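Geometric and topological summary
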Amino acid sequence: MPKKLKIAILIMGAGTSSRMKAIKQLLPWGDSTFIGNALKNAQSSKASTVLTVLGAYADEIKKVTDFSATQAVLNPNWKMGLGNSIAFGTKQLLEQDQDYDGILVMLADQPLIDEPYLNTLIDTFSNSENSIVATKYDNRVGVPAIFGKIHFDALQELNSDYGAKEIIKTHLKDVLSISADGKELDIDTKDEYEKVRRDLDSGD
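First things first, this report covers the structure right here in the doc. (Residues numbered from 1 in each chain as written. Predicted model: local features only at pLDDT ≥ 70, side-chain atom pairs only at ≥ 80, totals over all residues. Heavy atoms only, no water.)

**A few points about the overall build of the protein chain**
Stated formally: We count a stretch as a helix when DSSP gives it H or I for four or more residues in a row; a strand needs E for two or more, and each element gets its number in order from the N terminus. For the exposure calls, accessible area comes from a 1.4 Å probe over protein chains only, and a residue counts as buried if that area is under 20% of its type's maximum, exposed if over 50%, partly exposed in between. Residue contacts follow a heavy-atom distance rule, with two residues in contact if any of their heavy atoms lie within 4.5 Å. Here the accessible surface of atoms and residues is derived via Shrake-Rupley with a 1.4 Å probe, and residues count as covered only by protein chains that are part of the display. We count Lys and Arg on the positive side and Asp and Glu on the negative side, and we leave His and both chain ends out. For this purpose, a charge sits on NZ of Lys, CZ of Arg, CG of Asp or CD of Glu.
Secondary structure summary: the protein chain contains seven helices and nine strands in total. The C-alpha extent of the protein chain, read off along each of the three principal axes, is 40 × 40 × 30 Å. Within the protein chain, buried positions represent 51% of all 204 residues. Partitioning the contacts of the protein chain with sequence separation of at least 6, the portion at a separation of at least 24 is 71%. Working note: accessible area of the protein chain is about 10000 Å², and carbon and sulfur atoms make up 48% of it. Here the protein chain carries 23 positive and 29 negative side-chain charges, and the mean point of each set is 2 Å from the other.

Shown next, in the form of structure tokens:
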């Protein structure tokens, strides 16, 4: 049985989706939206807390998304990029509770990331001596990723658009990477979005 660790999930939904030419967080996905889907999977996972960081389009997102069972915070400096929003969200989490064993950073625009994969990350982290468990890509590792306590200060100091991958890059010897079997796909353009929906509809 995996050890029971206290993991918080940080959903990053603050971006402006400039390449999408639409509010990416609110694109339809199943019977929900990108951000609603991320929220549902995070809440049903083994994590003890879920916090969503909003920025661009926060008012529009809050109007149609049910955050009542969880928390959503507005990063006033969201324009400074993903790293800044991760730092802001981490600070919010740790101001409420210092006892987390790990923080799992996930993106609202990876709609194939589901509850089973989040639980795989959590279980792997719980049974590992590694301080980072991250998702394997073709030529790198990245988010979704869980960062152990030792990295909380570094998460709070992020202040650029590079996000958490800088921490991963500088601590590669501490990283255990696992495959998401294609679920790690992130969607940046309308064409990518339409293709993924077509593939799902056709059962590919």
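From this point, the narrative continues.
**Details of the side chain of Gln25**
For the record, the criterion: Think of a polar contact as two N or O atoms within 3.5 Å of one another; within protein, one of them needs to be a possible hydrogen donor and the other a possible acceptor, and neighboring residues in sequence only count if both atoms come from side chains.
Its location among the elements puts Gln25 in the loop between strand S1 (7-13) and strand S2 (28-29). Only 2.9 Å separates the side chain of Gln25 from the backbone oxygen of Gly13, close enough to count as a polar contact. Ignoring any residue separated from it by four or fewer positions in sequence, one finds Gln25 in contact with Gly13, Ala14, Gly15, Ser17, Thr33, Phe34, Ile35, Ala56, Tyr57 and Ile61.

**Considering the pairing of strand S7 (residues 132-136)**
The criterion, for reference: Two strands are said to pair when DSSP picks up at least two bridges between them.
Counted residue by residue, S7 has four buried out of five residues, so it is predominantly covered. As judged from the five bridges shared by S7 and strand S8 (residues 141-148), these two strands associate in the antiparallel manner. Note that in S8 the partner of Thr135 across the bridge is Gly142. With antiparallel pairing between neighbouring strands as the criterion, S7 and S8 make up a hairpin whose turn holds four residues. The pairing of S7 with strand S9 (residues 175-179) spans five bridges and is classified as parallel. Note that in S9 the partner of Ile132 across the bridge is Val175.

**With respect to helix H1 (residues 34-43)**
In terms of residue burial, H1 counts as a mostly covered element, since eight of its ten residues are buried. Those residues of H1 that sit buried are Phe34, Ile35, Gly36, Asn37, Ala38, Leu39, Asn41 and Ala42.

**Focus on the sheet that holds S7**
Selection rule: Fitted lines through C-alpha atoms serve as axes, helices being fitted only where they are in contact, and the angles separating the N-to-C directions of these axes extend from 0 to 180 degrees.
Taken in spatial order, the seven strands make up an open sheet running S5-S4-S1-S6-S8-S7-S9, and their pairing is mixed. What marks the edges here is a single partner per strand, and that holds for strand S5 (71-74) and S9. Across this sheet, the average inter-strand angle for adjacent strands is 25°, counted without regard to direction. The strands that helix H4 (residues 115-126) touches are S1, strand S6 (102-107), S7, S8 and S9; relative to S8, the one it contacts most, it runs at about 45°.

**Focus: the packing of aromatic side chains**
The following threshold applies: Pairing of aromatic rings covers Phe, Tyr and Trp, the last through its six-membered ring, and needs centres within 6.5 Å; plane angles under 30 degrees mean stacked, over 60 mean edge-to-face, and all others mean tilted. Placement of a positive charge over a ring is assigned whenever Lys NZ or Arg CZ falls within 6 Å of the ring centre and within 35 degrees of the normal to the ring plane.
In this structure the tally under the stated criterion is two aromatic pairs. Taken together, Trp29, Phe34 and Tyr193 form an aromatic cluster joined through their ring pairs. In this arrangement the basic side chain of Lys6 is found over the ring face of Tyr100, its NZ or CZ atom lying 5.5 Å from the centre. A cation sits over an aromatic face here: Arg140 above Tyr137, 4.0 Å from the ring centre.

**A look at the nonpolar core**
Condition: Buried residues of nine kinds, namely Ala, Val, Leu, Ile, Met, Phe, Trp, Tyr and Cys, make up a nonpolar core once their side-chain atoms join them within 4.5 Å.
Among the nonpolar cores identified, the biggest contains 29 residues, and Leu10, Val53, Ile86, Phe147, Leu155 and Ile168 are the most heavily contacted of them. Those elements that place two or more of their residues in this core are S1, strand S4 (49-54), helix H3 (82-96), S6, S7, S8, helix H5 (152-157) and helix H6 (165-170). With five residues, the top contributor of residues to this core is H3. Contacts of Leu10, omitting those with residues within four sequence positions, involve Leu51, Val53, Ile86, Gly89, Thr90, Leu93, Ile103, Leu104, Val105 and Met106. If you look at the next biggest cluster of nonpolar residues, it comprises 27 residues, including Ile7, Ala42, Leu54 and Ile178.

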